Amino acid sequence: MAISPPSDIINDVARAADPARLQAASRKLMEGASGAEGASFDDAVKEVADKPLMMPGSDIYSLRNSLRNDAETANADKVRKAHQEFEAYILQTFVESMLPKEAENTYGKGNAGSIWKSMLAEQIGGQLSKVGGIGIAERLLNARKHGTSASAPQAPSQSINTLLGKV
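The structure contained in this document is the topic of the report that follows. (Residues numbered from 1 in each chain as written. Predicted model: local features only at pLDDT ≥ 70, side-chain atom pairs only at ≥ 80, totals over all residues. Heavy atoms only, no water.)

**Comments concerning the packing of helix H4 (residues 60–98) against helix H6 (residues 110–130)**
(1) Moving on: Between H4 and H6, the shortest axis-to-axis distance is 7 Å and the interhelical angle comes to 130 degrees. With respect to H6, the element H4 is oriented oblique. You can see that H4 and H6 cross each other, and the crossing is right-handed. Mapping the contact onto sequence places Gln-84, Glu-87, Ala-88, Leu-91, Gln-92, Val-95 and Glu-96 in H4 and Lys-117, Ser-118, Ala-121, Glu-122, Ile-124, Gly-125, Gly-126, Leu-128, Ser-129 and Lys-130 in H6.
(2) Moving on: Along the lines of polarity and charge, the residues of the contact of H4 with H6 split into six nonpolar, six polar and five charged. (Axes fitted to C-alpha atoms, helices over the stretch in contact; angles between N-to-C directions. Helix = DSSP H or I, 4+ residues; strand = E, 2+ residues; numbered from the N terminus. Parallel < 35°, antiparallel > 145°, perpendicular 65-115°, else oblique. Left-handed = near helix turned anticlockwise from the far one by under 90°. Contact = heavy atoms within 4.5 Å. Nonpolar A, V, L, I, M, F, W, Y, C, P; charged D, E, K, R; others polar.)

So, in structure tokens, the structure goes:
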């Protein structure tokens, strides 16, 4: 004798259910299964089948280049975000080391206090990075673009006082 666990479980639940509630649930499921206002998948396919795949005046090469540019833009956004998150982490470490060590009245005691302090430092670091940071992300991005080493010192584009004023 073969069993079918999903259908056997459903049948067992249906047998154990109140018959009136089972009929009401079945009726609702059947109503939901019908197409919304006569629209069906076949109708949607037929509607789209009549439309051209390409706009007039465009060729396959321009479409390919457009798709490639979109992909490169999305990749550049991901890379920029990753660099910004890295800078936020570095700034979080700096800020956390600058916060007072013995401030139980402010942060709380024990693990909860240290977690609260860490979360505060994380948010401050993230906000500093969003408004431009101290130049770590930009410098890494420029080094990546030019293929040069990021070890040569450069002056930051903004002072820390300017950045703190924006937060």
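**Let's talk about H4**
An α-helix turns once per 3.6 residues; consequently, residues spaced three or four apart project the same way.
(1) Moving on: Taking 1.5 Å of rise per residue, 39 residues should cover 57 Å, and H4 covers 57 Å from first to last C-alpha, within 8% of that figure.
(2) Moving on: Every buried residue of H4 is listed here: Val-79, His-83, Glu-87, Ala-88, Leu-91, Gln-92 and Val-95.
(3) Moving on: The inward-facing, buried residues of H4 contact H6 and helix H7 (136–146). (Expected span 1.5 Å × (residues − 1). Buried < 20%, exposed > 50% of the residue type's maximum accessible area, 1.4 Å probe, protein only.)

**A word on the nonpolar core**
(1) Moving on: If you look at the biggest cluster of nonpolar residues, it comprises seven residues: Leu-91, Val-95, Leu-99, Ala-103, Tyr-107, Ala-121 and Leu-128.
(2) Moving on: For this core, the elements supplying multiple residues, two or more each, are H4 and H6.
(3) Moving on: Leaving out residues up to four positions away in the same chain, Leu-99 has contacts with Tyr-107, Lys-117, Leu-120 and Ala-121. (Core = buried A, V, L, I, M, F, W, Y, C linked by side-chain atoms within 4.5 Å.)

**Considerations on the side chain of Glu-87**
(1) Moving on: Note that Glu-87 resides in helix H4.
(2) Moving on: We note that Glu-87 is buried and unpaired, the nearest opposite charge coming from Arg-80 at a distance of 8.4 Å.
(3) Moving on: A distance of 3.2 Å separates a polar side-chain atom of Glu-87 from the backbone nitrogen of Ala-137.
(4) Moving on: Those residues in contact with Glu-87, other than ones at most four positions away along the chain, are Ser-129, Gly-132, Gly-133, Ile-134, Gly-135, Ile-136 and Ala-137. (Lys, Arg positive; Asp, Glu negative; His and termini not counted. Salt bridge = Lys/Arg side-chain N within 4 Å of Asp/Glu carboxyl O. Polar contact = N/O pair within 3.5 Å; in protein donor to acceptor, adjacent residues only side chain to side chain.)

**Considering the pattern of salt bridges**
(1) Moving on: Under the definition given, this model contains two salt bridges.
(2) Moving on: As a salt-bridge pair, Arg-80 and Glu-138 come within 2.8 Å of each other at their nearest N and O atoms. Of this pair, Arg-80 sits in helix H4 while Glu-138 is found in helix H7, placing the two residues 58 residues apart along the sequence.
(3) Moving on: Relative accessible area serves as the criterion here: at 39%, Arg-80 is assigned to the partly exposed category.
(4) Moving on: Residue Glu-138 is classed as partly exposed on the basis of its relative accessible area, which comes to 38%.

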